[in-house]
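# Overview (structure and organization)
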Number of protein chains: 2
Amino acid sequence: MKKILNQPSAYVDEMLAGLCAAYPEHYTLTHPRVLARTGGARPGKVGIVTGGGSGHLPVFLGYVGQGLLDACAVGNVFAGPRVADCVDAIQAADGGAGVLTLYGNYGGDRMNFEMAQEQLESDALPLTSVRVADDVASASPAERDKRRGVAGMVLAFKVAGACAAAGHPLATVTRVASKAAQACRSIGVALTPCTVPESGQASFQIADTEIEFGMGIHGEPGLWRGPMKSADALTDEMLDLLLPELQLSTGDRVAVLVNSLGATPHEELFIVYRRVAQVLAARGVRPVMPLVGRYATSMEMTGLSLTLMPLDGELETLLTAPADCPFWKI
Amino acid sequence: MKKILNQPSAYVDEMLAGLCAAYPEHYTLTHPRVLARTGGARPGKVGIVTGGGSGHLPVFLGYVGQGLLDACAVGNVFAGPRVADCVDAIQAADGGAGVLTLYGNYGGDRMNFEMAQEQLESDALPLTSVRVADDVASASPAERDKRRGVAGMVLAFKVAGACAAAGHPLATVTRVASKAAQACRSIGVALTPCTVPESGQASFQIADTEIEFGMGIHGEPGLWRGPMKSADALTDEMLDLLLPELQLSTGDRVAVLVNSLGATPHEELFIVYRRVAQVLAARGVRPVMPLVGRYATSMEMTGLSLTLMPLDGELETLLTAPADCPFWKI
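Bear in mind that the values here come from a model prediction, so they are computed numbers and not experimental data.

## Things to note about the relation of the copies chain A and chain B
- For the pair chain A and chain B, the superposition axis carries a translation of 0.0 Å, the fit reaches an RMSD of 0.0 Å, and the rotation angle comes to 180°. Viewed as a symmetry operation, the transformation between the two copies matches a two-fold axis. Minimal C-alpha separation from the rotation axis in chain A is found for A:Ala263, amounting to 2.0 Å.
- When you check the interface residues of chain A against chain B, 100% turn up at the interface there too, and the contact is symmetric in its surfaces.

## Thoughts on the sheet that holds strand β7 (residues 185–192) of chain A
Residues and elements named next belong to chain A.
- Strands sit in the order β11-β10-β7-β14-β12-β13 across an open sheet of 6 strands; the sheet is mixed. Looking at strand neighbours, the two that pair on one side only are β11 (224–227) and β13 (286–293), the edges of this open sheet. On average, adjacent strands in this sheet sit at an angle of 15° to one another, irrespective of strand direction.
- Running at roughly 45° to strand β14 (residues 302–311), helix α4 (residues 152–165) makes contact with β7, β12 (253–260) and β14 of the sheet.
- The strands touched by helix α7 (residues 266–282) within the sheet are β12, β13 and β14, with β13 carrying the most contacts at an inclination of about 165°.

## Let's talk about the sheet that holds strand β11 (residues 224–227) of chain B
Residues and elements named next belong to chain B.
- Pairing is mixed across the open sheet formed by 6 strands, whose spatial order is β11-β10-β7-β14-β12-β13. Strand pairing shows two members of the sheet lacking a second neighbour, β11 and β13 (286–293), which therefore form its edges. The sheet shows a mean angle of 15° between the axes of neighbouring strands, taken without regard to direction.
- With 8 bridges joining them, strand β12 (residues 253–260) and strand β14 (residues 302–311) adopt antiparallel strand pairing. Bridge assignment links Ser260 to a residue of β14, and that residue is Leu304.
- Sitting on the sheet, helix α4 (residues 152–165) is in contact with β7 (185–192), β12 and β14, with an inclination near 45° to β14.

## Quick notes on the domain arrangement of chain A
Residues and elements named next belong to chain A.
- Taken domain by domain, chain A holds domain 1 (9–183) and domain 2 (185–319).
- For domain 1 and domain 2, the distance between their C-alpha centres works out to 22 Å.
- On the side of domain 2, 33 residues touch domain 1, which itself brings 31 residues to the contact.
- The set of elements that each furnish at least two residues to the side of domain 1 that touches domain 2 consists of β4 (71–77), α4 and α5 (170–183).
- The element that contributes the greatest number of residues to the side of domain 1 that touches domain 2 is α4, accounting for 8 residues.
- When the residues that make up the side of domain 1 that touches domain 2 are grouped by side-chain class, the tally is 20 nonpolar, 6 polar and 5 charged.

## Observations regarding the pairing of β12(B)
Residue and element names in this part refer to chain B.
- Among the 8 residues that make up β12, 7 are buried, leaving the element largely enclosed by the rest of the structure.
- Sheet analysis places β12 next to β13, joined by 6 bridges and oriented parallel. Paired with Leu257 across the two strands is Leu291, which belongs to β13.
- As a crossover connection, the stretch from β12 through helix α7 (residues 266–282) into β13 is right-handed.

## Quick look at helix α6 (residues 231–242) of chain B
Residues and elements named next belong to chain B.
- For α6, built from 12 residues, the straight-helix expectation of 16 Å at 1.5 Å per residue is met to within 8% by its first-to-last C-alpha distance of 16 Å.
- Listed in full, the buried residues belonging to α6 are Ala231, Leu234, Thr235, Met238 and Leu242. Projected onto a plane normal to the axis of α6, the buried residues spread over an arc of 100° and lie on a single side. For α6, the exposed residues set more than 90 degrees away from the buried face come down to Ala233 and Asp240.

About the criteria used
Numbers given for residues are sequential positions, taken from 1 along each chain in its written order. To label them, take the chains in the order written and letter them from A, then take the ligands in the order written and number them from 1. Local features in this predicted model are restricted to residues whose pLDDT is 70 or higher, and side-chain atom pairs enter the listing and the counts only when it is 80 or higher, whereas totals over whole chains, interfaces and linings include all residues. We place the copies in one frame by least squares, fitting the C-alpha atoms of every residue whose pLDDT is at least 70 in both. This entry defines residue contacts through backbone-placed C-beta atoms, with two residues in contact when those atoms are within 7 Å. We call two strands paired when DSSP finds no fewer than two bridges between them. Numbered from the N terminus, helices here are DSSP runs of H or I no shorter than four residues, and strands are runs of E no shorter than two. Helix axes use the C-alpha atoms of the stretch in contact, all axes being lines fitted to C-alpha atoms, and the angles between their N-to-C directions lie in the range 0 to 180 degrees. All the domain ranges listed were derived from an automatic or database domain assignment. As a working rule, the residues Ala, Val, Leu, Ile, Met, Phe, Trp, Tyr, Cys and Pro are called nonpolar, Asp, Glu, Lys and Arg charged, and the rest polar, with Gly in that last group. Exposure classes come from backbone-placed C-beta atoms, where a residue is buried if 20 or more other C-beta atoms lie within 10 Å of its own, exposed if 12 or fewer do, and partly exposed in between. By convention a crossover is right-handed if, when the strands point away from the viewer, the path from the first strand over the helix to the second runs clockwise. What a helix is expected to span follows from its residue count: subtract one and scale by 1.5 Å. By construction, the arc corresponds to the directions joining the helix axis to the C-beta atoms.

Here it is, written out as structure tokens:
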């Protein structure tokens, strides 16, 4: 396996050790698989917790930080976190004002967070939950609650985190997290897989000449597989899927995230962003604080995703508010 | 070619268009291949100019920003910038206090910047030049001026940029840039190549089971080629090359940059950083503001580099001073 690691079984724990060694002022492990903000829960602030499989940095744990998340339950690569770690993460984020669990719509993550919440029900800790399900390729609009959560999650983290940092109560933080989750839409394209350390196997198989449009970040099936297209053709096809689900008209403002799934370089993200900006400009729609980079990855997978989130005044204020984690400073 | 692009010949220009569309408040093209800070040269501030081939984002152009660089001459992928663009970049950075050209030690870049400086000699514009030559694999200590410039360049940009932003004169900015360039040492390891758009060819050939230790970022020959080793073994071997050239002893402070060459994921950079921190701690050496991420890449090349720069008080103050470009905020 040509990856830079020691024992594959130590991949996640050694990654966590390095992350905390690099940024001790930001991150503290409160349990072996629970990462929380250094200094503990902020008294009186609504806590926000996420969790999920490893292999997606900065998602999930990277977004623990000022104006973002308070704690994260960390699973193995591409595997949901344990229930006990979800419980511990929620407790680590409890500053006395309640806790929102905010995570992607994957079976394992959902089941384990729901079991954790059940365990904590007797603790008189107010708990709410919002799941992000933004991948338009994964189910039809009529079955939106079956969609997977992908990079749109990052926008929901940002909006909810800013709301909590501003001192709003749990109901408000939950409402804006839900508003962001409802508003965002994403679509991805995959070129090459990554290698999962524990198995040594590629996350999916694909021919040297083929790409898969709409593939999920763990290699879940997409909408079509075929030969490479131009960047502009791919971008237009992504926008053709996203825009009909959004109500964007002249004068509207939108968050735009062009996200590398890992190996796809910044150069190519900007080629795609250029086209997105052209198409939006032609409709009179204005991108706000465009995000172009690696925000939600699958290790060294090649490909990218495009996320749009129409903004009202509240979402725009929260999206552009200050934030500070080692992966994202605003 | 499985890359996200349109016409390969348009790769660089479309990248530049997207970059400037995403961050118009930061970047302005003053010529088709000259990127400068929006708002123009800062009157009374020493200008800092760099340049080099494309395909290395954030190097070179990405580091144009507050507390960093003022302008950049942009070449084709892995090709030096044109002389005329070096001239224009120097002029774009001229705020009346002189200009430092600060770039990596590559033949083409050096020749073209030197020709540009000759052309400008009659302009009464004070010009100095510092080249970064930090790659220990590329020549022996006795031939340091033959070494290539790699990720250490980013530390030199940061230090010089902070010095210029603080209002120091050209002689001081040049002195600290030179001090940083003299102080830093880097070494890389390559796992897989990238594809050069214009040719459609891989930047080098390597077997599925092999890595090349010490390979340059364009595929220049390294020190050995052989089977994969563990992350800790590779890290130790990198440190065994870097540390003997540095005079680090207990209580010393050092800048550490663990840099992905593109595809290598953050997870693996942290596994390496963990080992670096362990080895430095055993020597009583303290990392200052560790940098772990993609700072100098070769598009989707897999591999990483390790850079160390021992710090005195002046370098540490400049390294940790505020900076702001879309790729790096401090």
